[in-house]
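Descriptive analysis of the structure
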Amino acid sequence: MRLSKYNYKHRLSDDVLLIMNTLTGAVDLVEPKVARVLFNRSSDTSALNDLDPETRTLLKSRGYLTDMSEEQYVRESLETYYRSHPALQFTICPTYKCNLACPYCFQSDIHQDSPTLDLAQINEIFQAMDQMVHLKPEAAVQFELFGGEPFLARNQSQVEYILQQAIERSWPILSITNGTELGAYFPFLQKHSAHFRHMQITLDGPKEIHDQLRKYRNNSGSYDLICSNITFLLEHHIPVTVRINTGRENVRHLPEMFAGFERLQWTSSPDFSCQIAPINDNFNTGKVAGFQPESDLLKQLHLLFPDWEATRRRYKVSLGYFMEKKLRILRKAMFDTDDDHYYFDLSGCSASKRHNLVFGADGRLYPCVETVGFPDYSIGSYLQGLHLDEEKWQRWHRDIVVNDKCRHCNLAPLCGGGCVLKGSRDGELRDFESNCSDTRQYLKTYLDLHRDRLLESYCQ
Amino acid sequence: MKSLTKNKDLWTNLSAKDLEEITVPMACCQKASIQINNPTKKAI
Ligand code: SF4
Ligand code: SF4
């Protein structure tokens, strides 16, 4: 019997520690004696004899002590997952142009001179997609529009042509849009609403704040227009996630924003949800205005909303993908959250699974939406036939088995290996080191915030 | 020792078949996470 390599501990008081096994999903409160045995630095297991047989059996049933080859289990689970979840996620950027000029936008340098796809190019894209589907007929296909801003009024004929092509292939449609010029598309959206799986639209604060951040080039704001467009989508049963990009400055406005969503009656729509996502610095520039580590955001949220779980339910809020993923075991343990939030998934982000293919407005193929327009990251081209650099694409296949650092990390099953882009030093991805963000501090902060609750449950 | 998650919910107790059928959110830092991997598959 060995100690699991996925054991994690957090001290709650002198007498109580929380232990978690990130591979099995076990969470337990124990006295220091038990933790000492589990976390002694040597791999010597003779200390186990200090525990009574009942505790030893329990620790084994929870996975803290194990006989299985954990590496093999992880590898096999990932293989099963990849094999049984064949997918193709196609994204088209009709242009990189955008009608807004948000200060934190990672695409700010590529907006102005961007080309816009014409019908012949769009046909080439769909030929390339059909070719890929032909090679992977069992894949679930999903179609997405991204940009720049995909729903610019001036690109209506091309964009509706693109959407029509996706609809003819019965591909569910998703889009990330700033929502400002959707009005031009209302008749189309109304007619084809059933094909739209999801629209993600960003609001960055109540009106005054949002209008300072998400503004037109002449400095006027976009809030009122976006809100009325969201209301239209919800009335036509097109699911909308309002994304709130948070930085140090705007988190404090969340209560006012949520109240506004309720006033607009969005929160009573089954098609509404809202996501809080800290603005990120995936290119590791150190220069993103207002950047805030995830742990700081967590602290601020709990300060603003002492009953954060109730707030989540009331306003249908969730956190950004990685933030949710890392808390899924602890939330299940503390709040017995519903099954949707407690999923077994050892894999990484969508770009790491090599089923993401982004068709840029510049004729190039990209592995991840954040890299579009940056030719160094391109993995091929689609004009005059599909040219996919398989070897370069393969380098994006990053998971907790492939990444050296993650193979030795006790948090790996929770984390999945982080953002591939963040871990890469250049577009070639030859020099890669997993980027942990502030995962450890984030978990510690979450547990510190819930210390009293956990200690109370220990005493009950 | 007090257990906060039940043994029946432990992931390592999932069968190979369960693993094949799970749906997980597919997303990244840019996108809201949506259960989209395969509409015919279920969450566990
Ligand atoms: S990215 Fe960092 S925290 Fe995440 S699994 Fe890898 S080593 Fe662990
Ligand atoms: S590599 Fe990073 S930015 Fe790209 S899809 Fe993955 S998490 Fe998102």
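Refer to the structure presented above.
This write-up is about the structure you can find in this document. For clarity, every value in this text was computed on a predicted model and none was experimentally measured. (Residues numbered from 1 in each chain as written. Chains lettered and ligands numbered in written order. Predicted model: local features only at pLDDT ≥ 70, side-chain atom pairs only at ≥ 80, totals over all residues. Heavy atoms only, no water.)

Let's shift gears to the overall build of chain B. Of the regular secondary structure elements, chain B holds one helix and three strands. Start at the N end of chain B and walk to the C end: the helices and strands fall as β-α-β-β. Across the 44 residues that make up chain B, the buried fraction comes to 50%. Surface accessibility of chain B: about 2000 Å² in total, with carbon and sulfur atoms responsible for 53%. (Helix = DSSP H or I, 4+ residues; strand = E, 2+ residues; numbered from the N terminus. Buried < 20%, exposed > 50% of the residue type's maximum accessible area, 1.4 Å probe, protein only. Areas by Shrake-Rupley, 256 points an atom, 1.4 Å probe, with all protein chains shown as cover.)

Here the focus is the overall build of chain A. Check the secondary structure of chain A and you find 18 helices and 16 strands. In summary, chain A has a C-alpha radius of gyration of 24 Å against a globular reference of 23 Å for 460 residues, a match within 12%. Along the first, second and third principal axes, the C-alpha atoms of chain A reach 75 × 50 × 40 Å. By residue count, 60% of the 460 residues in chain A fall in the buried class. For chain A, long-range pairs separated by at least 24 residues make up 69% of all intrachain contacts whose partners lie at least 6 apart in sequence. Accessible area for chain A stands at about 18600 Å²; split by element, carbon and sulfur atoms hold 49% of it. Charge centroids of chain A, computed over 52 positive and 60 negative side chains, lie 3 Å from each other. (Rg over C-alpha atoms; globule rule 2.2 N^0.38 Å. Contact = heavy atoms within 4.5 Å. Lys, Arg positive; Asp, Glu negative; His and termini not counted. Charge placed at Lys NZ, Arg CZ, Asp CG, Glu CD.)

Bringing the packing of helix H10 (residues 294–304) of chain A against helix H12 (residues 321–335) of chain A into the picture now. All names here are of chain A. Their axes nearest at 11 Å, the elements H10 and H12 cross at an angle of 80°. Put simply, H10 runs roughly perpendicular to H12. Listed contacts from H12 to Glu 294, Leu 297 and Leu 298 of H10 are Phe 322, Met 323, Lys 326 and Leu 327. In terms of residue class, the contact of H10 with H12 is built from five nonpolar, no polar and two charged. (Axes fitted to C-alpha atoms, helices over the stretch in contact; angles between N-to-C directions. Parallel < 35°, antiparallel > 145°, perpendicular 65-115°, else oblique. Nonpolar A, V, L, I, M, F, W, Y, C, P; charged D, E, K, R; others polar.)

Here we come to the sheet that holds strand S3 (residues 17–21) of chain A. Read from one edge to the other, the open sheet built from four strands follows the order S2(A)-S3(A)-S4(A)-S1(B), with strand pairing classed as antiparallel. Only two strands of the sheet have a single neighbouring strand rather than two, namely strand S2 (7–11) of chain A together with strand S1 (2–3) of chain B. Two elements, S3 of chain A and strand S4 (residues 26–30) of chain A, share five bridges in a ladder whose sense is antiparallel. In the strand pairing of S4 of chain A, Ile 19 of chain A is matched with Asp 28 of chain A. Lying over the sheet, helix H18 (residues 451–459) of chain A contacts S2, S3 and S4 of chain A together with S1 of chain B, oriented at roughly 75° with respect to S4 of chain A. (Pairing = 2+ DSSP bridges.)

Right, let's talk about the pattern of salt bridges for a bit. All names here are of chain A. As enumerated under the stated definition, the model contains 30 salt bridges over all chains in all. Residues Glu 294 and Lys 326 are paired through a salt bridge, measuring 3.5 Å at the closest nitrogen-oxygen approach. Taken together, the residues Glu 294 in helix H10 and Lys 326 in helix H12 connect sequence positions 32 residues apart. Since its relative accessible area comes to 14%, Glu 294 is described here as buried. Lys 326 gets classed as buried once you look at its relative accessible area, which sits at 4%. A salt bridge links Glu 324 to Arg 331, with the nearest nitrogen and oxygen atoms 3.6 Å apart. (Salt bridge = Lys/Arg side-chain N within 4 Å of Asp/Glu carboxyl O.)

A word on the pairing of strand S10 (residues 240–246) of chain A. All names here are of chain A. Taken across its seven residues, S10 has seven buried, putting it largely inside the fold. Here S10 shows two buried faces, one formed by Val 240, Val 242, Ile 244 and Thr 246 and the other by Thr 241, Arg 243 and Asn 245. Taken together, the four bridges between strand S9 (residues 196–202) and S10 define a ladder with parallel strand orientation. Residue pairing in the sheet places Thr 202 in a bridge with Arg 243 of S10. Of the strand pairs in this sheet, S10 and strand S11 (residues 272–278) are connected by seven bridges, and their pairing is parallel. The partner of Val 242 across the bridge, within S11, is Cys 274. Once the chain exits S10 it traverses helix H9 (residues 254–263) before rejoining the sheet at S11, and the crossover so formed is right-handed. (Right-handed = clockwise from strand over helix to strand, strands pointing away.)

It is worth spelling out the site of ligand 1 at this point. Residues and elements named next belong to chain A. In the vicinity of ligand 1, the contacting residues are Lys 405, Cys 406, Cys 409, Ala 412, Cys 415, Gly 417, Gly 418, Ser 434, Asn 435 and Cys 436. Of all the elements in the fold, those that place two or more residues in the shell around ligand 1 are helix H14 (404–407) and helix H15 (412–415). Counted by class, the shell around ligand 1 contains five nonpolar, four polar and one charged residues. (Near = heavy atom within 4 Å.)

With 36 residues of chain B at the contact, the number on the chain A side is 63 residues. Both sides together, the interface formed by chain B and chain A hides about 4500 Å², and carbon and sulfur atoms give 58% of it. Scanning the region where chain B abuts chain A turns up three salt bridges. The residue Lys 332 of chain A makes a salt bridge to Asp 9 of chain B at a minimum N-O spacing of 3.8 Å. Of all the secondary-structure elements, those providing two or more residues to the side of chain B that touches chain A are S1, helix H1 (16–21), strand S2 (25–26) and strand S3 (34–35) of chain B. Among the elements that make up the side of chain B that touches chain A, the one with the highest residue count is H1 of chain B (three residues). Each residue belonging to the side of chain B that touches chain A can be placed in one class, and the counts come to 20 nonpolar, 10 polar and six charged. (Buried area = accessible area lost by both parts, 1.4 Å probe.)

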